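Architecture at a glance
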Amino acid sequence: MMTVTYGLLAAASVLLWRRVRWAWTLVMAALILGIVIFMQDVDFSTNLGIQL
Amino acid sequence: MSRDEGLLPDLARVLNFIGLLAMIGVLLGAYVYQFSYRELPCTLCQLQRVAMVAVAFGAAMNVMFGPDPRHYGVCLVSALLGLGVSIRQSLLHINPYFDTTTGLPTSLATSNPPFGQPVMGLHLYVWGVLLFAVVILVVGVVQLFKGQFGAMRSELDRLSGLASVGVGILALLAVAETLTTFAECGFVDCPNDGGWNWWLFG
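Okay, so let's go over this structure. All of these numbers come straight from a predicted model, not from anything done at the bench.

1. Quick notes on the overall build of chain A
- Across its full length, chain A carries 3 helices and 0 strands.
- Overall, chain A shows an N-to-C arrangement of helices and strands of α-α-α.
- Across the 52 residues of chain A, 37% fall into the buried class.
- Per element, the accessible surface of chain A, about 2900 Å² overall, is 70% carbon and sulfur.

2. Some thoughts on the side chain of His71 of chain B
- Tracing the backbone shows His71 of chain B in helix 3 (residues 69–92).
- At 3.3 Å, the side chain of His71 of chain B forms a polar contact with the backbone oxygen of Gly66 of chain B.

3. Considering a nonpolar patch on the surface
- Side chains of Val14 and Trp17 of chain A together with Val175 and Leu179 of chain B sit close together on the surface and give an oily, nonpolar patch of about 350 Å² of accessible area.
- At the level of secondary structure, the elements contributing two or more residues to the nonpolar patch comprise helix 1 (2–17) of chain A together with helix 5 (162–185) of chain B.
- Position of Trp17 of chain A among the secondary structure elements: in helix 1.

4. Notes on helix 1 (residues 9–36) of chain B
- The first and last C-alpha atoms of helix 1 of chain B sit 40 Å apart over 28 residues, in line with the 40 Å expected at 1.5 Å per residue.
- Positive phi appears at Arg38 of chain B, one or two residues downstream of helix 1 of chain B, with a value of about 50°.

5. Examining the pattern of salt bridges
All names here are of chain B.
- Within this structure, the stated rule accounts for 2 salt bridges over all chains.
- Two residues, Glu177 and Arg49, come together in a salt bridge whose shortest N-O distance is 3.4 Å. In this pair, Glu177 is assigned in helix 5 and Arg49 in helix 2 (residues 43–65), connecting sequence segments 128 residues apart.

6. Some points on the side chain of Asn62 of chain B
All names here are of chain B.
- Tracing the backbone through its elements, the reader meets Asn62 in helix 2.
- On the accessibility criterion, Asn62 (0% relative accessible area) is buried.
- Within the structure, the side chain of Asn62 is placed 3.1 Å from the backbone nitrogen of Asp68, a separation counted as a polar contact.
- A polar contact is formed between the side chain of Asn62 and the side chain of His71, at a distance of 3.0 Å.
- Excluding its chain neighbours within four sequence positions, the residues that come into contact with Asn62 are Arg13, Asn16, Pro67, Asp68, His71 and Tyr72.

7. Some remarks on helix 1 of chain A
- Relative to the 22 Å expected for 16 residues at 1.5 Å per residue, helix 1 of chain A spans 23 Å between its end C-alpha atoms, a close match to the ideal helical length.
- The complete set of buried residues in helix 1 of chain A reads Met2, Thr3, Thr5, Tyr6, Leu9, Ala10, Ala12, Ser13 and Leu16 of chain A.
- Contacts made by the buried residues of helix 1 of chain A are with helix 2 (24–42) of chain A together with helix 2 and helix 5 of chain B.
- Two residues or fewer past helix 1 of chain A, Arg19 of chain A is found with a positive phi of approximately 65°.

Conventions we followed
- Residues numbered from 1 in each chain as written.
- Chains lettered and ligands numbered in written order.
- Predicted model: local features only at pLDDT ≥ 70, side-chain atom pairs only at ≥ 80, totals over all residues.
- Heavy atoms only, no water.
- Helix = DSSP H or I, 4+ residues; strand = E, 2+ residues; numbered from the N terminus.
- Buried < 20%, exposed > 50% of the residue type's maximum accessible area, 1.4 Å probe, protein only.
- Areas by Shrake-Rupley, 256 points an atom, 1.4 Å probe, with all protein chains shown as cover.
- Polar contact = N/O pair within 3.5 Å; in protein donor to acceptor, adjacent residues only side chain to side chain.
- Patch = residues over 30% accessible without salt bridge, like charges linked within 9 Å, V, L, I, M, F, W, Y side chains within 5 Å.
- Salt bridge = Lys/Arg side-chain N within 4 Å of Asp/Glu carboxyl O.
- Expected span 1.5 Å × (residues − 1).
- Contact = heavy atoms within 4.5 Å.

The analysis is restricted to geometry; functional conclusions fall outside its scope.
As structure tokens, this is what we get:
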């Protein structure tokens, strides 16, 4: 999933370089994917009670 | 010109260009660190880089199209994600007497070693906390000057072709990150051992 996240950022950057205005929507999609990866990594079911 | 119009659009573009170059410099530094110490980035490290690329993208939008609150919004949302991730990673390693594999306290200070080599005394995730906090502060302060959101005068364009070059470098960097991340993780979860184990090369 991390590769897809970077792929979205790369596509957005290339589109921005070509002056495409809606490129930022791909960045938002990448950030949402990043939040999903982050939530999976935190593993709330085992860590939340101990670390917070 | 009223007092709150002190920051004109062309000057704001130059400041955003400097910010873009700074973020590119940090990302390149992380790349050099990765290959010189032969340590592949962990999941949380990768997420901080994602946030850095996204912050740079927000600045790049200001450079390409002129300053706009929505472009600064991309910077702020990205920096908030990066700050959350870097704080999480810093807290994971803040207590050396905590065994992360069992989730229990131990008597050994080596049970929870820091991730990676320190740079100028601080580990990269601590630098991440400072960097994203500074981005949020700077973007917040710069947005106070509403004069930058007016129409740009083309004769005052100080950047000219440099804008495309800067954004082009960002695009190249993002493509390179995609390729190296694919080589490291493929389409599965990235390894978190900090070693030199590329998924693509077995």
